[in-house]
Amino acid sequence: MNDTIVTDSVKRFKWVGTRPIRPDGVPKVTGKALYGADYRLPGMLYGRILRSPHAHAMIRSLDTSKAEALPGVKAVITAKDFPDQKFDYIGPERVAVNFWHVTRNILAREKALYEGHAIAAVAAVSASIAEEALSLIKVDYEVLPHVIDVDEAMAPDAPLLFADMLTRGIEPAPTRPSNISKRLEFMTGDLDAGFAQADVVIEKEFKTAAVHQAYIEPHACVARCDADGQAEIWSSSQGHFQMRALTAQILGMKIGDLRVYAAEIGGGFGGKTVTYLEPVATLLAKKSGLPVRLMMSRDEVFKATGPTSGASMWVKIGVKKDGTLVAADGIFRFQAGAFPGSPVMNGCLCAFAPYNIPAQRAVGYDVVCNRPKSAAYRAPGSPISAFAVESVIDMLATKIGMDPLKLRLKNAARIGTPTIFGPKHAHNGYPETLEACLNHPAYKTKLGKNQGRGVASGYWFNGGGDSSATMQINADGTVLVATGSPDVGGSRASMAIMAAETLGVDYEQVRAIVADTGSVGYTHVTGGSRVTFATGTAVVNATKNVIVDLCKRAAMIWDVDPEGVVWEDGFAKPASSNVGDFEPLSLKALAAKSSATGGPISASASVNAGGQAPGFSTQFCDVEVDPETGKVTVLRFVAAQDVGRAIHPSYVEGQIQGGVVQGIGWALSEEYIYNEKGQLDNAGFLDYRCPVASDLPMIEAVLVEVPNPAHPYGAKGVGEVNICPPMAALANAIEHAIGRRMTELPMSPPKILAAIDGGVEA
């Protein structure tokens with residue numbers, strides 16, 4: 001059962017909040033939808049990439065001459081074919097990019113920094129010839145010591161990935177290089193005074209493993225390049241404008257010379273906001289003069305694309321006997337992978353964000369190690385720190401004998417609560433999720449032997465930013481809405497719903513499409529839970545612009561002032577009886593007369609959307625632990641989330657359920673396992689254990705609607721915060737089932753059994 005709890009005065013809409021059929025459903029279930037690997041162009045070549053077998057190795061020499069001489073090979077490229085990039089961190093600190101690093105991740109230069117690091121690429125007339133060509137490329141490696149674990153990478157005697165890396169964020173700047181790229185610190189209030197007020201203080205260390213986004217579709221693209229330098233790319237990504245910008249930067253192209261089309265995407269979860277293949281395919285196409293297709297194998301996806309960070313953490317929180325939280329402190333060490341850029345800043349900023357705690361400090365370390373470069377994964381950073389913080393919150397509740405939901409409710413962040421990063425909270429939503437769980441009938445049910453119940457909460461910023469949309473009214477009155485947002489979580493349906501609602505026409509009259517970079521204005525990536533909010537605002541604004549035009553055309557037909565015309569329920573009507581007695585003009589009627597009233601009816605809108613509301617989620621679950629094997633069976637999972645207003649509730653529920661499923665995998669079974677050579681031992685779905693249907697309970701999504709006034713229909717991003725609570729909720733449930741606190745992910749059967757048998761925490 002899925003419930004919706006509305007916390008504002010109910011406003012009824014015709015389409016917003018309904019569950020119409022998804023516009024992309026039929027082509028997907030019939031196999032007609034085109035994904036990245038489905039595109040074929042005349043004369044297309046097959047691209048392949050040579051990858052390092054070593055975790056850390058100097059590239060002494062690279063000889064491609066035999067590969068180039070192989071019949072059927074049309075192009076071979078290495079890092080020397082790419083222009084140099086300036087060493088500089090660009091953009092806001094939380095999402096800064098250094099193209100010196102990016103270009104070296106796409107193709108290694110001085111060193112291979114992880115197993116699977118791309119070394120060279122070929123394009124040939126067949127896949128078999130391309131594979132043979134890779135075997136003919138000779139690389140002379142000097143194998144170097146490697147480091148995989150984040151704590152080991154921070155040690156003073158650890159092998160260095162970069163001999164000149166000096167830690168940023170320390171004053172005075174260190175003189176000795178290390179693997180610590182950056183140190184961050186955020187603080188508010190007086191920690192010493194806060195902890196002095198506490199009746200109970202708990203501090204604990206935690207560790208999480210790196211986990212992959214595990215999307216079903218591997219990375220794939222097709223590129224072609226004309227003799228005049230104009231190029232086109234068909235890419236499976238979360239942002240084709242992003243792929244255009246990154247590819248142009250890496251290749252030194254003009255952005256206007258590159259046009260990128262959005263293929264359907266078979267999952268991303270943040271992992272497809274990064275470019276791996278597009279610049280390589282484009283350069284191969286330019287060098288060969290023929291289109292080139294590149295796609296990864298599953299092995300390559302695991303070894304060479306970003307998992308999220310593993311982490312090592314320490315958290316200390318103090319509470320009074322009455323349940324008032326007084327101080328919180330945390331140290332968060334995140335694996336960045338081979339290049340700087342872990343989401344540790346997010347982890348620091350989100351760690352204590354759900355709570356009103358007077359004194360807080362969060363210290364973060366961004367640490368490089370010989371793993372693939374980390375990439376975003378659904379609320380990047382927040383689920384990791386939430387595991388530690390929400391575990392300690394639960395331990396405090398147990399220690400003072402207070403219901404864990406009531407402890408959270410007593411200290412819940414509300415409008416006006418300060419944050420560790422400066423601004424005060426401007427939205428409610430968190431207390432409402434706690435109350436939804438407290439009032440849920442399942443929360444009060446009794447548990448049996450070896451069973452436990454755990455609760456946890458999570459926070460995510462959500463995003464706004466740049467989005468564009470265009471609306472066209474066809475001659476028969478049907479409507480086309482084009483945006484630049486790849487449809488990852490149902491955005492075509494939500495865009496059509498908002499357009500139909502604003503225009504006052506039936507949903508079936510509106511078709512929503514994802515346009516290429518040459519056909520709609522710039523639009524930032526589908527990520528950060530921003531699309532329904534930001535792109536939806538652009539769609540509504542474009543619709544309003546069309547309505548203004550429609551009213552002017554009706555005024556022309558009636559020979560009245562435009563101010564005398566209003567638009568209601570899909571019709572132009574006289575604003576009052578003083579205007580005249582005219583029959584309302586429908587959208588279809590006005591569209592039929594478009595040539596006589598000024599030409600085609602269309603409008604565009606672009607926004608830099610601000611005022612986004614953060615995401616809050618509270619979840620509880622029941623588990624049963626087999627004391628003989630350590631296996632955890634999840635019996636029930638209830639996830640309450642503030643969704644603003646659910647534009648298409650079925651999609652919202654799907655987002656929540658999907659986040660919970662991924663959180664269950666993160667908690668119980670998923671991890672990167674490396675051998676002593678720094679090679680990944682489980683680079684496939686057989687050994688990298690994602691949960692399947694038989695591992696999962698029914699997941700109940702409770703939609704808590706606290707509308708965001710900054711959005712035309714109250715939308716808040718819903719795609720990410722749902723993955724923040726599950727790991728801690730499950731750890732808390734397991735502790736209540738077996739009396740042992742698990743502090744390391746994944747909480748796999750061997751670890752749980754060791755904790756049970758050893759009588760100690762694990």
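As a starting point, this report considers the structure included with it. What you see as residue numbers is a count from 1 along each chain, following the sequence as written. With pLDDT at 70 or above as the cut-off, local features in this predicted model cover only qualifying residues; side-chain atom pairs require 80 or more to be listed or tallied, and sums for whole chains, interfaces and linings still use all residues. To obtain the side-chain values, all non-hydrogen atoms of the structure were included, while hydrogens and water were left out.

Further remarks concern the nonpolar core. Only buried Ala, Val, Leu, Ile, Met, Phe, Trp, Tyr and Cys residues count toward a nonpolar core, and they belong to the same one when joined by side-chain atoms within 4.5 Å. Accessibility here uses a 1.4 Å probe with only protein chains present; expressed as a share of the type maximum, an area under 20% marks a residue as buried, one over 50% as exposed, and anything in between as partly exposed. Counting residues in each nonpolar core, the largest one holds 109 residues, and the members touching the most others are Ile-317, Leu-730, Ile-734 and Met-747. In DSSP terms, a helix is any run of H or I states spanning at least four residues, a strand is any run of E spanning at least two, and both are numbered starting from the N terminus. Broken down by element, this core gets its largest block of residues, 10 residues, from helix H11 (residues 382–400). Residue contacts follow a heavy-atom distance rule, with two residues in contact if any of their heavy atoms lie within 4.5 Å. Excluding its chain neighbours within four sequence positions, the residues that come into contact with Ile-734 are Val-623, Val-625, Val-632, Leu-668, Gly-739, Arg-740, Met-742, Met-747 and Ile-752. If you look at the next biggest cluster of nonpolar residues, it comprises 49 residues, including Val-16, Ile-497, Cys-551 and Ala-554.

Here we take up empty space enclosed by the protein. The definitions used throughout rest on a 1 Å grid laid over the protein atoms alone, on which a cavity is an enclosed set of points accommodating a 1.4 Å probe that cannot get out and a pocket is an open set flanked by protein within 12 Å on both sides along at least five of seven lines; lining residues are those having an atom within 4 Å of a point. Grid points are joined across faces, edges and corners, and a volume is the space filled by probe spheres set on the points. As enumerated under the stated definition, the model contains 5 cavities of 30 Å³ or more in all. Considered as a void within the structure, the largest cavity measures approximately 60 Å³ in volume. In terms of lining, the largest cavity is formed by Ile-49, Arg-51, Asn-105, Ile-106, Tyr-114, Ala-118, Tyr-276, Leu-277, Met-296 and Ala-304. Elements with a minimum of two residues in the lining of the largest cavity: strand S2 (45–51) and helix H3 (99–106). Here the second largest cavity defines a volume of roughly 50 Å³. Along the walls of the second largest cavity sit His-219, Ala-220, Ser-235, Ser-236, Ser-237, Met-243, Lys-272, Val-274, Tyr-276, Leu-277 and Glu-278, which together make up its complete lining. Within the lining of the second largest cavity, the residues separate by chemical class into 5 nonpolar, 4 polar and 2 charged. The residue classification treats Ala, Val, Leu, Ile, Met, Phe, Trp, Tyr, Cys and Pro as nonpolar and Asp, Glu, Lys and Arg as charged. All others, Gly included, are polar.

What follows covers the environment of Ala-153. Counting through the fold element by element, Ala-153 comes out in helix H5 (residues 150–154). Note on Ala-153: relative accessible area 2%, which makes it buried. Distance in space between the C-alpha atoms of Ala-153 and Val-368 is 7.2 Å, their sequence separation being 215 residues. Setting aside residues no more than four positions away along its own chain, Ala-153 makes contact with Val-147, Ala-158, Asn-179, Val-367, Val-368 and Cys-369.

So, on to the layout of surface pockets. There is about 520 Å³ of room inside the second largest pocket. When contributions to the lining of the second largest pocket are tallied by element, the ones reaching two or more residues are helix H14 (491–503) and strand S22 (510–514). Examining the composition of the lining of the second largest pocket, we find that 5 residues originate from one element, S22, more than from any other. Partitioning the lining of the second largest pocket into residue classes produces 16 nonpolar, no polar and 8 charged.

Moving on: H14. To estimate how far a helix should reach, multiply one less than its number of residues by 1.5 Å. Compared with an ideal rise of 1.5 Å per residue, which puts 13 residues at 18 Å, H14 spans 18 Å between its outermost C-alpha atoms and is within 8% of the ideal. Taken across its 13 residues, H14 has 13 buried, putting it largely inside the fold. Phi turns positive, to about 80 degrees, at Gly-504, one or two residues after H14.

It is worth spelling out the pattern of salt bridges at this point. The salt bridge criterion pairs a side-chain nitrogen of Lys or Arg with a carboxyl oxygen of Asp or Glu, the two atoms within 4 Å. For the coordinates displayed, the defined rule picks out 36 salt bridges. In this structure, the salt-bridge partner of Glu-264 is Lys-28, at a minimum N-O distance of 3.6 Å. Taken as a pair, Glu-264 in the loop between strand S14 (258–262) and helix H8 (278–288) and Lys-28 in helix H1 (residues 25–29) lie far apart in primary sequence, 236 residues in all. Overall, Lys-28 belongs to the partly exposed group, its relative accessible area being 25%. We note a salt bridge from Glu-568 to Lys-573, for which the minimum N-O separation is 3.5 Å. Looking at Glu-568, the relative accessible area reads 39%, which means it is partly exposed. Since its relative accessible area comes to 22%, Lys-573 is described here as partly exposed. Each of Arg-22, Asp-24, Lys-28, Glu-264, Asp-487 and Arg-492 takes part in a single network of salt bridges with overlapping partners.

What follows covers the packing of aromatic side chains. Any pair of aromatic rings gets described here by the distance separating the centres and the angle formed by the planes. Pairing of aromatic side chains here covers Phe, Tyr and the six-membered ring of Trp, requires ring centres within 6.5 Å, and sorts the geometry by plane angle: under 30 degrees stacked, over 60 edge-to-face, intermediate tilted. Applying the stated criterion across every chain yields a total of 24 aromatic pairs. When the ring of Trp-15 is compared with that of Tyr-507, the centres are 6.0 Å apart and the planes differ by 40 degrees; the resulting orientation is tilted. With Trp-15 in the loop between strand S1 (3–6) and H1 and Tyr-507 in the loop between H14 and S22, the pair connects residues that are 492 residues apart, well separated along the chain. Judged on exposure class, the residue Trp-15 and its partner Tyr-507 are both buried. Relative to Tyr-261, the ring of Trp-234 lies with its centre 4.9 Å away and its plane at 10 degrees, an arrangement referred to as stacked. Here Tyr-261 lies in strand S14 and Trp-234 lies in strand S13 (residues 231–235), a separation of 27 residues in the sequence. Across from the ring centre of Trp-100, 3.7 Å away, lies the NZ or CZ of Arg-104, which sits over that ring. The positively charged end of Arg-168 is found above the aromatic ring belonging to Tyr-89, 3.7 Å away from the centroid. As a reminder, the over-ring test applies to NZ of lysine and CZ of arginine, requiring each to be within 6 Å of the ring centre and within 35 degrees of the ring normal.

Pairing between strands is defined by DSSP: at least two bridges between them are needed. Spatially, 5 strands are ordered S10-S18-S17-S16-S11 in an open sheet, and the strand pairing comes out mixed. Of all strands in the sheet, those bounded by a partner on one side alone are strand S10 (180–188) and strand S11 (200–208). If you compare each strand with its neighbour and ignore which way they point, the axes differ by 10 degrees on average. Bridge count between S10 and strand S18 (residues 359–368): 8 bridges; the pairing is antiparallel. Helix axes are fitted only over the stretch in contact, all axes being lines through C-alpha atoms; the angle between N-to-C directions runs from 0 to 180 degrees.

Burial of strand S23 (residues 565–568) is one-sided: the residues Val-565 and Trp-567 facing one way are buried, the residues Val-566 and Glu-568 facing the other way are not. Looking at chain direction, S23 and strand S24 (residues 571–574) are connected through 4 bridges and run antiparallel. Among the inter-strand pairings, Glu-568 is bridged to a residue of S24, identified as Phe-571. Turn length for the S23-S24 hairpin, with the two strands adjacent in sequence and antiparallel, is 2 residues, and the turn residue Asp-569 shows positive phi of about 50 degrees.

Bringing the environment of Ala-733 into the picture now. Assignment of secondary structure puts Ala-733 in helix H18 (residues 726–738). Ignoring any residue separated from it by four or fewer positions in sequence, one finds Ala-733 in contact with Gly-452, Arg-453, Gly-454, Cys-621 and Val-623.

Turning our attention to the sheet that holds S23. Here 3 strands make up an open sheet; going across it, the order is S23-S24-S25 and the pairing antiparallel. The sheet is open, and its two borders are formed by S23 and strand S25 (585–586), each paired with just one other strand. Helix H15 (residues 531–558) rests against S23, S24 and S25 of the sheet, and its axis sits at about 130 degrees to S23.

For the rest of this paragraph, the subject is the packing of helix H17 (residues 649–668) against H18. Packing of H17 against H18 leaves a shortest axis separation of 8 Å and a crossing angle of 55 degrees. With respect to H18, the axis of H17 lies oblique. The element H17 and its partner H18 pack so that their crossing is right-handed. Where H17 abuts H18, its residues Gly-659, Val-660, Gly-663, Ile-664, Trp-666, Ala-667 and Leu-668 lie against Pro-726, Met-727, Leu-730 and Ile-734. Across the contact of H17 with H18, the residue classes break down as 9 nonpolar, 2 polar and no charged. The cut-offs work like this: below 35 degrees is roughly parallel, past 145 is roughly antiparallel, 65 to 115 is roughly perpendicular, and the gaps in between are oblique. Rotating anticlockwise by less than a right angle from the far helix to the near helix defines a left-handed crossing, while the corresponding clockwise rotation defines a right-handed one.

Attention now goes to the side chain of Glu-735. The topology assignment puts Glu-735 in helix H18. Despite its burial, Glu-735 pairs with no opposite charge; the closest candidate is Arg-741, at 4.3 Å N-O. Once residues within four sequence positions are removed from consideration, Glu-735 is found in contact with Arg-740 and Arg-741. Here Asp and Glu are counted as negative and Lys and Arg as positive; His is not counted, and neither are the chain ends.

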